[in-house]
Amino acid sequence: MKYAVISDVHGNAPALGLVLADAAKRGAQGYLLAGDYCLSAPWGREVVRMLRSLPGAHIISGNDDQHLSIPPGDDGQYEVSRWGASKLSDEDKAWLSALPPTLDIACEGTTIHMAHSSQTFLGKALYERFRTSVLPGFYPDGLVSHEVIQADFRRLWEQVSFRDTVHALQPGVYVFGHNHIQTWADFDGRILVNPGSCGLPLDCGAFGAAYSLLTIDNGCVTVEERRIPYDVEALIAQVRASKQYAAARVWSELIFSEWRTCREKVFQFLAHCERYATAIGDTRRPIARDTWTAAYAQWEKHARAWHPELFV
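Residues numbered from 1 in each chain as written. Predicted model: local features only at pLDDT ≥ 70, side-chain atom pairs only at ≥ 80, totals over all residues. Heavy atoms only, no water.

Colleague: Just checking my understanding: could you explain the packing of helix α11 (residues 249-261) against helix α13 (residues 289-306) for this structure?
Modeller: The packing of two helices is summarised by the inter-axis angle and the distance between the axes. Interhelical geometry of α11 versus α13 gives an angle of 30 degrees and a closest axis separation of 10 Å. Here α11 lies roughly parallel to α13, going by the angle between them. The hand of the α11/α13 crossing is left-handed. Between α11 and α13, the residues in contact are R249, V250, W251, E253 and L254 and W292, T293, Y296 and W299, respectively. Classifying every residue of the contact of α11 with α13 gives six nonpolar, one polar and two charged. (Axes fitted to C-alpha atoms, helices over the stretch in contact; angles between N-to-C directions. Helix = DSSP H or I, 4+ residues; strand = E, 2+ residues; numbered from the N terminus. Parallel < 35°, antiparallel > 145°, perpendicular 65-115°, else oblique. Left-handed = near helix turned anticlockwise from the far one by under 90°. Contact = heavy atoms within 4.5 Å. Nonpolar A, V, L, I, M, F, W, Y, C, P; charged D, E, K, R; others polar.)

Colleague: Teacher, can you tell me more about the packing of helix α1 (residues 13-25) against helix α2 (residues 44-52) here?
Modeller: Taken N-terminus to C-terminus, the directions of α1 and α2 make an angle of 25 degrees; their axes are 9 Å apart at the nearest point. The orientation of α1 relative to α2 falls into the category roughly parallel. Where α1 approaches α2, its residues A13, L16, G17 and L20 are matched on the opposing element by E46, V47, M50 and L51.

Colleague: How do you make sense of the environment of L54 when you look at a structure like this?
Modeller: Within the secondary structure, L54 is located in the loop between α2 and β3 (57-59). Along the backbone, L54 and S7 are 47 residues apart, and their C-alpha atoms lie at a distance of 14 Å. Other than its neighbours up to four places away in sequence, L54 contacts L20, Y31 and L33.

Colleague: Explanation requested: the sheet that holds strand β7 (residues 182-187) in the structure shown.
Modeller: What links the strands of a sheet is backbone hydrogen bonding, and the strands pair in either a parallel or an antiparallel sense. Overall, mixed pairing links the five strands, which are arranged β4-β5-β6-β8-β7 in an open sheet. With partners counted over all chains shown, the strands left at the sheet margins are β4 (102-107) and β7, one partner each. Between one strand and the next, the sheet's axes are offset by a mean angle of 15 degrees, whatever the strand orientation. Judged from the four bridges that link them, strand β6 (residues 172-175) and strand β8 (residues 190-195) form a sheet pairing that is parallel. Of the residues in β8, the one forming a bridge with G172 is R190. Running over the sheet, helix α7 (residues 146-154) touches β7 and β8 and is turned about 40 degrees from β7. (Pairing = 2+ DSSP bridges.)

This is the structure in structure tokens:
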């Protein structure tokens, strides 16, 4: 059985289309979808329709899929969530809200465990190094090859605490997303598979639509990682021309910057917003639109000096 393993589409229907076409060419027979489908790029409705039409698909929810019920408001912080939710039908929202948070799938004598975050299986065992808010600090000098990321991921086995945490799992395959870092490894029969982000790669590598192929054949498990290159500036131009850009310009510009560098900016920007609001005595939460916009103007001016590792 060959599965296409896909996660973190984040509304990027063009990327999902590339992944599904590539997976079909490579003989995918089923699909494992690990959450976060709709928010950040403006094509959440199209993404949902594509996913709902997939044959043999096992689909779980992600944390962002729960942000589609943000109550009405005029703050800036959740403007993209409200706009994205407004483009989904009630049927789409009901389908997303009904997705399970985890799944276990039996396949040819192997159990595949699915959750959006590795923390479901491993607690914080990956948290110190393999999360996108800290990854640029480990690779501050520019584009990182996937071989380097993989070697560092597999080197975690040398840490007793990580090894003990993994050994506490039953042998099998563990599929997760959430941190947008494409990696996999077989740790003594516990096979961890993160396909990376289909729509928003943040692993300091080359831009492209990431996913993995998981094959199980008579108990033998193999993983092939795929990343489909495409034109980031053309993608950005499409979003600029969309109604999302007018409704959520700050968020859209942050995503553009992340696409261009494959390095997370949102975590650091949210921290900057909080500091900025506190400094001007603004206690409104979520962050109000005027404060959100002013904080972004300051961020645009100074972020490269404050966080050079995010812009290489």
